[in-house]
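One-letter residues, chain by chain:
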Amino acid sequence: MEVNSVPELGYEELVTILQEKFAHQIIKDEIFRDLLNLDIYSKDILDIVAFLRDDSRLDFQLFVDISGVDYLEYQDDSILERFAVIYIFYSFHNNLRIKIRAFISEQKAEIESISQFYQGANWPEREVYDMYGIHFRNHPDLKRILMPEDFGANPLRKDYPLQGRGERDRFPDYNLEKE
Amino acid sequence: MGIESRLGSYFTTKLDKIVNWGRKNSLWPMPFGTACCAIEFMSTLCSRFDYARFGAEVIRFSPRQSDLLIVAGRIAIKQMPVLIKIYEQMPEPKWVMSVGACASSGGTFDTYTLVQGIDRFIPVDVYLAGCPPRPEAFIDALLFIQNKISQERIQDKIHGS
């Protein structure tokens, strides 16, 4: 891998670069304890992630994690939609961390998959799909990863009861008397 | 039909005794360990508690070679079909030990993902209380199963009841 000769950035410069490029897309930016938090809408995720990875000044090589959030009945003005998917990236070159929160509406719970940019996003996206029912467009293999394939519910949604809806008692395919 | 009609009842009772003596003193456990109960079972096997004193030290990780299924730990609903498959693969006669609160009742995990007691899906011979149970409880459960075996009759198994 070739050495990146571009000088290192700090968080302030990173915000400036991002604001120049995505002034209309970024809803909120905040630097807090060595972490840049960005709020965006789900439609802009692919542009921003591609820029973060491919721009030689930013050079966010490492994809860290994806997680989902359900903000049902959440009393806070900064929450714009019911769901959000949170992406964390890290830049070795600049020693910077960025957390992107992409809001997703309840009616259209889908977002573009970033697994074309980061291979490691494949399974975390499947996990979010499994737990929250958020559909990732253009994902290579979008199916449940933790729950059984015929589970039929998204257990980490806030309106899903802790004890489930009877899934743990239903085993139609495994009957000991069958043989 | 069956051996009891061709031979006298005296002979079959003695045969029961001999076969049961052999079965109860050479139980081969198949550990299905998914949580801390399995760690406790390991210590039960080791020299301080020494399961081998009761003839149950030959751990087989193949269900086809064992006759005592030890379900030690919580069983998720995705795992229950696997456990049922393993139970079905074990040759008769077979016995099942449900170890600890989670396998017996779901324990503290009263959630959407956990089976609330394996006895909803496979027959259980002995339940061990505890979270996890002490090694003494494992020994007590084994003695319970040995006692149960010694009261069985071969003709019950032959007739498939």
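Criteria and thresholds
- Residues numbered from 1 in each chain as written.
- Chains lettered and ligands numbered in written order.
- Predicted model: local features only at pLDDT ≥ 70, side-chain atom pairs only at ≥ 80, totals over all residues.
- Heavy atoms only, no water.
- Disulfide = S-S within 2.5 Å.
- Buried < 20%, exposed > 50% of the residue type's maximum accessible area, 1.4 Å probe, protein only.
- Helix = DSSP H or I, 4+ residues; strand = E, 2+ residues; numbered from the N terminus.
- Contact = heavy atoms within 4.5 Å.
- Buried area = accessible area lost by both parts, 1.4 Å probe.
- Salt bridge = Lys/Arg side-chain N within 4 Å of Asp/Glu carboxyl O.
- Polar contact = N/O pair within 3.5 Å; in protein donor to acceptor, adjacent residues only side chain to side chain.
- Pairing = 2+ DSSP bridges.
- Axes fitted to C-alpha atoms, helices over the stretch in contact; angles between N-to-C directions.
- pLDDT = per-residue confidence, 0-100.
- Patch = residues over 30% accessible without salt bridge, like charges linked within 9 Å, V, L, I, M, F, W, Y side chains within 5 Å.
- Areas by Shrake-Rupley, 256 points an atom, 1.4 Å probe, with all protein chains shown as cover.
- Core = buried A, V, L, I, M, F, W, Y, C linked by side-chain atoms within 4.5 Å.

**Structural notes on the state of the cysteines**
All names here are of chain B.
Phase 1: Under the counting rule described, the total for this entry stands at 0 disulfides over all chains.
Phase 2: Between Cys46, a free cysteine, and Cys37, which holds the nearest cysteine sulfur, the sulfur-to-sulfur gap is 16 Å.
Phase 3: Its relative accessible area of 45% is what places Cys46 among the partly exposed residues.
Phase 4: Cysteine Cys131 shares no disulfide, and the gap to the nearest cysteine sulfur, in Cys102, comes to 5.5 Å.
Phase 5: Classification of Cys131 as exposed rests on a relative accessible area of 64%.

**Here we look at helix α3 (residues 122-132) of chain A**
Residues and elements named next belong to chain A.
Phase 1: Counted residue by residue, α3 has 8 buried out of 11 residues, so it is predominantly covered.
Phase 2: Within the sequence span of α3, burial applies to Asn122, Pro124, Glu125, Arg126, Val128, Asp130, Met131 and Tyr132.
Phase 3: Packing partners of the buried residues in α3 comprise β3 (62-70), β4 (83-91) and β7 (135-137).
Phase 4: The positive-phi residue at the C-terminal boundary of α3 is Gly133, with phi of around 70 degrees.

**Re the interface of chain A and chain B**
Phase 1: Contact residues are listed per partner, giving 19 residues for chain A and 18 residues for chain B.
Phase 2: When chain A packs against chain B, close to 1,600 Å² is buried across both sides, 65% of that on carbon and sulfur atoms.
Phase 3: There are 0 salt bridges connecting chain A and chain B.
Phase 4: At the junction of chain A and chain B, the tally comes to 4 residue pairs in polar contact (both at pLDDT 80 or more).

**Details of the pattern of salt bridges**
Residues and elements named next belong to chain A.
Phase 1: Scanning the entire structure with this criterion turns up 14 salt bridges over all chains.
Phase 2: Note that Arg57 and Asp55 form a salt bridge whose closest N and O atoms lie 3.1 Å from each other.
Phase 3: Overall, Arg57 belongs to the partly exposed group, its relative accessible area being 33%.
Phase 4: Ionic pairing is found between Lys143 and Asp141, a salt bridge with its closest N-O pair at 3.8 Å.
Phase 5: For Lys143, a relative accessible area of 36% puts it in the partly exposed group.
Phase 6: For Asp141, a relative accessible area of 35% translates into the label partly exposed.

**With respect to the side chain of Asn20 of chain B**
All names here are of chain B.
Phase 1: Along the polypeptide, Asn20 turns up in helix α2 (residues 9-24).
Phase 2: Residue classification places Asn20 among the buried residues on the basis of a relative accessible area of 3%.
Phase 3: At 3.3 Å, the side chain of Asn20 forms a polar contact with the backbone oxygen of Ile149.
Phase 4: Residues contacting Asn20, with those up to four places away along its chain left out, are Ile149, Ser150 and Glu152.

**Quick look at the sheet that holds strand β1 (residues 29-33) of chain B**
Residue and element names in this part refer to chain B.
Phase 1: Read across the sheet, 4 strands follow the order β1-β2-β3-β4 without closing on themselves; strand pairing throughout is parallel. Lying at the two open borders of the sheet, with one neighbouring strand each, are β1 and β4 (126-128). Averaged over all adjacent pairs, the angle separating strand axes in this sheet is 15 degrees, with direction ignored.
Phase 2: The sheet contact formed by β1 and strand β2 (residues 68-72) spans 5 bridges and is parallel. Within β2, the residue paired with Met30 across the bridge is Leu69.

**Points about the confidence of the model for chain A**
Phase 1: The share of residues in chain A with pLDDT of 70 or more is 93%, and the mean pLDDT across the chain is 87.
Phase 2: This model gives residues 174-179 of chain A a pLDDT under 50, and the stretch forms 10 contacts once residues within four places in sequence are excluded.

**Considering a nonpolar patch on the surface**
Residues and elements named next belong to chain A.
Phase 1: Nonpolar side chains collect at one region of the surface, where Ile27, Tyr41 and Leu80 lie side by side and expose about 230 Å² of accessible area between them.
Phase 2: Relative to the assigned elements, Tyr41 resides in strand β2 (residues 36-41).
Phase 3: Among the residues examined, Tyr41 registers a relative accessible area of 33% and is labelled partly exposed.

**Thoughts on the nonpolar core**
Among soluble globular proteins, nonpolar side chains are generally buried collectively.
Phase 1: The biggest cluster of nonpolar side chains holds 65 residues, and the ones touching the most others in it are Leu18, Tyr87, Phe89, Ile100 and Ile114 of chain A together with Leu69 of chain B.
Phase 2: Residue contributions to this core peak at 6 residues, all from helix α2 (residues 45-54) of chain A.
Phase 3: Those residues within four positions of Phe89 of chain A in sequence are excluded, and the remaining contacts are Val49, Leu52, Phe60, Leu62, Phe63, Val64, Leu96, Arg97, Ile98, Ile100, Ile114 and Tyr118 of chain A.
Phase 4: The next biggest cluster of nonpolar side chains, apart from the first, holds 22 residues, and it includes Cys37, Ile70, Leu128 and Leu142 of chain B.

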